[in-house]
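As a plain string of letters, each chain reads:
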Amino acid sequence: MGLFVKDLILSVILAISCKEYYETILPKRERKQNWISETSIFAFVLGFMVISETPIPPYIFMPVRVIFIIWIISQIYYKTKWINNLILSVLFCGIIWILSSIVVSVLYLLSIDSKVAEYILDPVWCSILLLIMSLFSYRFKGQMDILKKGKRFHYVLISGIFSVFCIALLMIISTWDENPANYSIRFIFVIGFGITSILMFYFICNIFIKDMHIQNMQIETALINNQMSMYQNMEQNYRRQQKYMHDYKNQLNCIQGLLEKKQVEEALDYIGELTGGIRKSTDYVDTSHMIINVILNQKYQYAQENGITMIMNVNDLSHLTMKKEDIVVLLSNLLDNAIEACKNLSADKVIQFKMVMEEGSLILSVRNPVSKPFKTKDGKIISSKKDHKNHGIGLMNVENVVKRNHGTSSVKCEDHCFSFSCMIPV
């Protein structure tokens, strides 16, 4: 009974380590019932218990069954290609084997009694493994997705496998060497190589992560510059329209002159041309904020041209202190996505937009129908280009703007209707 309890405790420790390892690197598979995704730790515990309670196979097959169990369970719970998962399983098993070998070697060097060493061996290396995986998760969780872009993920995996392979060879040499002096020297060399490998793996991950951050910043900067250039041109057009409105007095004088000369038909034709031009040039929205006016009126006109109705609720935004770049990114991405989504519909093309200042905060919301619904979790879109191709692009930049201005946001998609809302303190 005591042995069973010990095996159970060790299996739990290994399961937690395995869960930390995989959840740092891979996303979970989507389930209709969310609680199913949280049972991975119980599956790992069951797998390790099966290994510990079944007869020990020949030495060469011991790591094979560990790799197989880990690979099967992780393939069920995490999204990845089977070959990548197999490499990850081999890497995790290699870490287990190296840690246990190092602990055995240390116990040998310390001349600890064989019975005591056998009793404390597994708890020691399991505890060390849990510590390493916890540190690994703390440092890289939420950032490993960046590594999977391009060939970066494979480079990291290959470097890890190479390090494990080299350390394994050195451990084999040091473990079975009968000369204590040579054994100590080689053991020190193995420890040094192991530390070097860990540092190499750490710096490789950091380099790739920083490289991707730089690329993302360059893409975002280019997007912002392009959008700002476009809206600067729009602002110039807007000013020209204002000058045109200032000339309205002259237009009235011209009409008055035609009427005084009793040229009624000419006056009516001129009025028709004039009102048509004024109708096109007059702003639908006036928020007392130049940039917001330019964006909202341009998007409103574009929506009308595509048969889309825009219902806007705005108030005086003249005191809004957000940077122009942030306003452009925020509004252009949200409204472009909404218009593109409505263009794919045959009916109910209605966009509801709200942007108001209330009690020292900017309240912004966009609501529009979509042809294909997509999933959200914790107020964020679950990545899937097929499901939200109209809303996935640009929302990352929108989220960055909201966070940069210390705001909060929420995304929902219910009953074929997309809605985004945020509140930003000003």
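Preceding this paragraph is the structure being described.
Counting its secondary structure elements, the chain contains 15 helices and seven strands. Counting all 426 residues of the chain, 41% fall into the buried class. In the chain, the share of contacts with a sequence separation of at least 24, taken over all contacts with a separation of at least 6, comes to 71%. Accessible area of the chain: about 24,800 Å², with a carbon and sulfur share of 62%.

By the definition in use, this model includes five aromatic pairs. When the centroid spacing of 4.9 Å and the interplanar angle of 40° are considered together, the rings of Tyr-21 and Phe-92 count as tilted. Placement of the pair is Tyr-21 in helix α1 (residues 2–25) and Phe-92 in helix α5 (residues 82–109), with a sequence separation of 71 residues. Since its relative accessible area comes to 0%, Phe-92 is described here as buried. A connected cluster of aromatic rings, assembled from ring pairs, spans Tyr-21, Tyr-22, Phe-44, Tyr-78, Phe-92 and Phe-136. The aromatic ring of Tyr-119 is capped on one face by Lys-6, whose charged end is 4.7 Å from the ring centroid.

Looking down a regular strand, the side chains alternate between one sheet face and the other. Burial runs high along strand β3 (residues 361–369): seven of the nine residues are buried. As paired elements, strand β2 (residues 350–358) and β3 share seven bridges and run antiparallel to each other. Looking at β3, one finds that Glu-358 is bridged to Ser-361. Counted between consecutive antiparallel strands, the loop separating β2 from β3 contains two residues, among which Glu-359 sits at a positive phi close to 50°.

Attention now goes to the side chain of Asp-7. Within the secondary structure layout, Asp-7 lies in helix α1. In this structure Asp-7 is buried but unpaired, with Lys-6 as the nearest side chain of opposite charge at 6.2 Å. Apart from residues lying up to four places away in sequence, Asp-7 is in contact with Met-49, Ser-52 and Glu-53.

Moving on to the pairing of β2. By the bridge criterion, six bridges tie strand β1 (residues 309–314) to β2 in an arrangement that is parallel. By the bridge assignment for β2, Met-312 is matched with Phe-353. Once you follow β1 into helix α13 (residues 324–343) and on to β2, the crossover reads as left-handed.

We now examine unusual backbone geometry. Despite not being glycine, Ser-288 shows a phi value in the positive range, around 65°. With respect to the helices and strands, Ser-288 occurs in the loop between α11 (264–281) and α12 (290–305). Given the relative accessible area of 46%, Ser-288 is considered partly exposed. Unlike most non-glycine residues, Asp-348 shows phi in positive territory, near 55°. Secondary-structure assignment places Asp-348 in the loop between α13 and β2.

For soluble globular proteins, the rule of thumb is that nonpolar side chains tend to be buried together. Judged by nonpolar contacts, the single largest core of 43 residues is most densely connected at Leu-331, Phe-353 and Met-355. For this core, the secondary structure elements donating two or more residues are α12, β1, α13, β2, β3, α15 (395–404), β6 (408–414) and β7 (417–425). For this core, the element with the most residues is α13, which contributes eleven residues. When residues no more than four places from it in sequence are discounted, the contact partners of Met-355 are Ile-292, Asn-313, Val-314, Asn-315, Leu-317, Leu-320, Leu-331, Leu-362, Ile-363 and Leu-364. In terms of nonpolar packing, the next biggest core, distinct from the first, is built from 37 residues, Cys-18, Ile-70, Leu-107 and Ala-117 among them.

Next up on the list: the sheet that holds β2. Read across the open sheet, the five strands follow the order β1-β2-β3-β7-β6; overall the sheet is mixed. The outermost strands of the open sheet, each flanked by one partner alone, are β1 and β6. Mean inter-strand twist for the sheet, computed between neighbouring axes without regard to direction, equals 10°. Running at roughly 160° to β1, α12 makes contact with β1 and β2 of the sheet. Sheet strands in contact with α15 are β6 and β7, and its direction is about 25° off that of β7.

With that settled, the discussion passes to the pattern of salt bridges. Within this structure, the stated rule accounts for five salt bridges. Residue Glu-23 pairs with Lys-19 through a salt bridge whose shortest N-O separation is 3.1 Å. Taken as a pair, Glu-23 and Lys-19 lie in helix α1 at a separation of four residues, close to a single helical turn. Overall, the relative accessible area of 17% leaves Lys-19 in the buried class. When the shortest N-O distance is used, the salt bridge between Glu-23 and Lys-28 registers 3.5 Å. Each of Lys-19, Glu-23 and Lys-28 takes part in salt bridges that share partners, so that together they form one network.

Let us now look at a nonpolar patch on the surface. Where nonpolar side chains cluster on the molecular surface, the patch consists of Phe-4, Val-5, Leu-8, Ile-9, Val-12 and Ile-16 and spans about 440 Å² of accessible area. Assignment of secondary structure puts Val-12 in helix α1.

What counts, and where the lines are drawn
- Residues numbered from 1 in each chain as written.
- Predicted model: local features only at pLDDT ≥ 70, side-chain atom pairs only at ≥ 80, totals over all residues.
- Heavy atoms only, no water.
- Helix = DSSP H or I, 4+ residues; strand = E, 2+ residues; numbered from the N terminus.
- Buried < 20%, exposed > 50% of the residue type's maximum accessible area, 1.4 Å probe, protein only.
- Contact = heavy atoms within 4.5 Å.
- Areas by Shrake-Rupley, 256 points an atom, 1.4 Å probe, with all protein chains shown as cover.
- Phe/Tyr/Trp six-rings, centres within 6.5 Å; stacked < 30°, edge-to-face > 60°.
- Lys NZ or Arg CZ within 6 Å of the ring centre and 35° of its normal.
- Pairing = 2+ DSSP bridges.
- Lys, Arg positive; Asp, Glu negative; His and termini not counted.
- Salt bridge = Lys/Arg side-chain N within 4 Å of Asp/Glu carboxyl O.
- Right-handed = clockwise from strand over helix to strand, strands pointing away.
- Core = buried A, V, L, I, M, F, W, Y, C linked by side-chain atoms within 4.5 Å.
- Axes fitted to C-alpha atoms, helices over the stretch in contact; angles between N-to-C directions.
- Patch = residues over 30% accessible without salt bridge, like charges linked within 9 Å, V, L, I, M, F, W, Y side chains within 5 Å.

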